[in-house]
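# What the coordinates show
Each chain, letter by letter, is given below.
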Amino acid sequence: DGLGPLRELRDDERTSSAIRRATANRLRQHTTADRVAGVRVLHAIATDVAGRPALRWRAAADLMKYGERGRESGTTCLQAITSDDSLPVIVRIDAAVALSDARPDLRRDILRSLRMLRDTPNHRQRIQVLAAIGRLDVTDGTLALREMALDSTVDAGVRLRAATLITDLHHGYQEAAAAVARDVAHDETVPPHIRVKAARALAHWSGLCRNEARSLLVDKLT
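Thresholds, definitions, all that
- Residues numbered from 1 in each chain as written.
- Predicted model: local features only at pLDDT ≥ 70, side-chain atom pairs only at ≥ 80, totals over all residues.
- Heavy atoms only, no water.
- Helix = DSSP H or I, 4+ residues; strand = E, 2+ residues; numbered from the N terminus.
- Rg over C-alpha atoms; globule rule 2.2 N^0.38 Å.
- Contact = heavy atoms within 4.5 Å.
- Buried < 20%, exposed > 50% of the residue type's maximum accessible area, 1.4 Å probe, protein only.
- Expected span 1.5 Å × (residues − 1).
- Salt bridge = Lys/Arg side-chain N within 4 Å of Asp/Glu carboxyl O.

Our focus in this paragraph is the overall build of the protein chain. The secondary structure content of the protein chain amounts to 13 helices and 0 strands. Going from the N terminus to the C terminus, the protein chain shows its helices and strands as α-α-α-α-α-α-α-α-α-α-α-α-α. Taken against the 2.2 N^0.38 rule, which gives 17 Å for 222 residues, the C-alpha radius of gyration of the protein chain at 22 Å runs more than 25% over that of a compact globule. Counting only C-alpha atoms, the protein chain reaches 65 × 35 × 30 Å along its principal axes.

This is the structure:
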């Protein structure tokens with residue numbers, strides 16, 4: 001079928017993992033043998049502790065498309081990545097989100113794993129944890145993000161990002177998000193590019209403050 005060279009790349013352990021993953025997925029729908037080989041290759045990438053963490057979780061997520069055997073393997077790999085303390089927090093979040101999308105029946109366990117990450121000291125990582133929690137428990141995620149957005153000790157850019165995620169999760173919190181955007185937009189200690197984003201968000205989220213946001217953009221931030 002003319003695909004021999006691709007199969008050689010996929011099966012050659014000297015080939016980079018990124019290329020092997022790409023070729024395995026490219027060949028997935030051709031033959032049963034290709035699907036079996038794809039599961040083998042992707043599982044090897046997903047479980048390679050010396051491999052790039054981001055590539056590992058992506059390979060594990062790919063496995064979920066390879067029938068029952070692939071789903072079993074992918075589930076095990078994603079669970080292992082999610083619970084591995086030695087991996088970057090963002091990778092663990094991505095793995096948890098991928099698993100929750102593919103296996104809704106496991107969402108309670110996934111939510112428990114995500115909640116164990118919510119106190120990570122890095123604020124930028126924490127809002128990603130809370131956003132992932134919000135996908136599974138809207139109330140919990142929204143309230144935690146709102147608390148973070150209102151915390152004046154947190155970096156202004158992070159506060160604005162938290163406010164944006166709140167509106168993504170629950171439209172009923174737009175006014176609360178707008179209050180955060182207004183605070184950031186008027187804060188002269190905040191870098192101008194973040195204040196511009198905040199003013200634009202304020203105009204979008206609050207009809208009452210739209211003229212105020214426009215004035216900020218025209219008179220002070222441009």
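Here the narrative resumes.
What follows is about the environment of Val154. Looking at the element boundaries, Val154 is found in the loop between helix H9 (138-149) and helix H10 (156-169). Separated by 31 residues in sequence, Val154 and His123 have C-alpha atoms that sit 7.5 Å apart. Val154 has contacts with His123, Met148 and Arg159, leaving out every residue within four places of it along the chain.

What follows is about the side chain of Thr23. By the secondary structure assignment, Thr23 is in helix H2 (residues 17-27). Since its relative accessible area comes to 6%, Thr23 is described here as buried.

Turning to H10, a few remarks are in order. Compared with an ideal rise of 1.5 Å per residue, which puts 14 residues at 20 Å, H10 spans 20 Å between its outermost C-alpha atoms and is within 8% of the ideal. With respect to burial, H10 is a largely interior element, 10 of its 14 residues being buried. Within H10 the residues assigned to the buried category are Ala156, Gly157, Val158, Arg159, Leu160, Ala162, Ala163, Leu165, Ile166 and Thr167. Close packing links the buried residues of H10 with helix H8 (123-136), H9, helix H11 (174-186) and helix H12 (192-205).

With that settled, consider the pattern of salt bridges. This structure, assessed with the given rule, holds 16 salt bridges. With a closest N to O distance of 3.1 Å, Arg14 and Asp12 form a salt bridge. A relative accessible area of 75% means that Arg14 is categorised as exposed. Across the pair Arg135 and Asp101 runs a salt bridge, and its minimum N-O distance is 2.7 Å. Of this pair, Arg135 sits in helix H8 while Asp101 sits in helix H6 (residues 89-102), placing them 34 residues apart in sequence.

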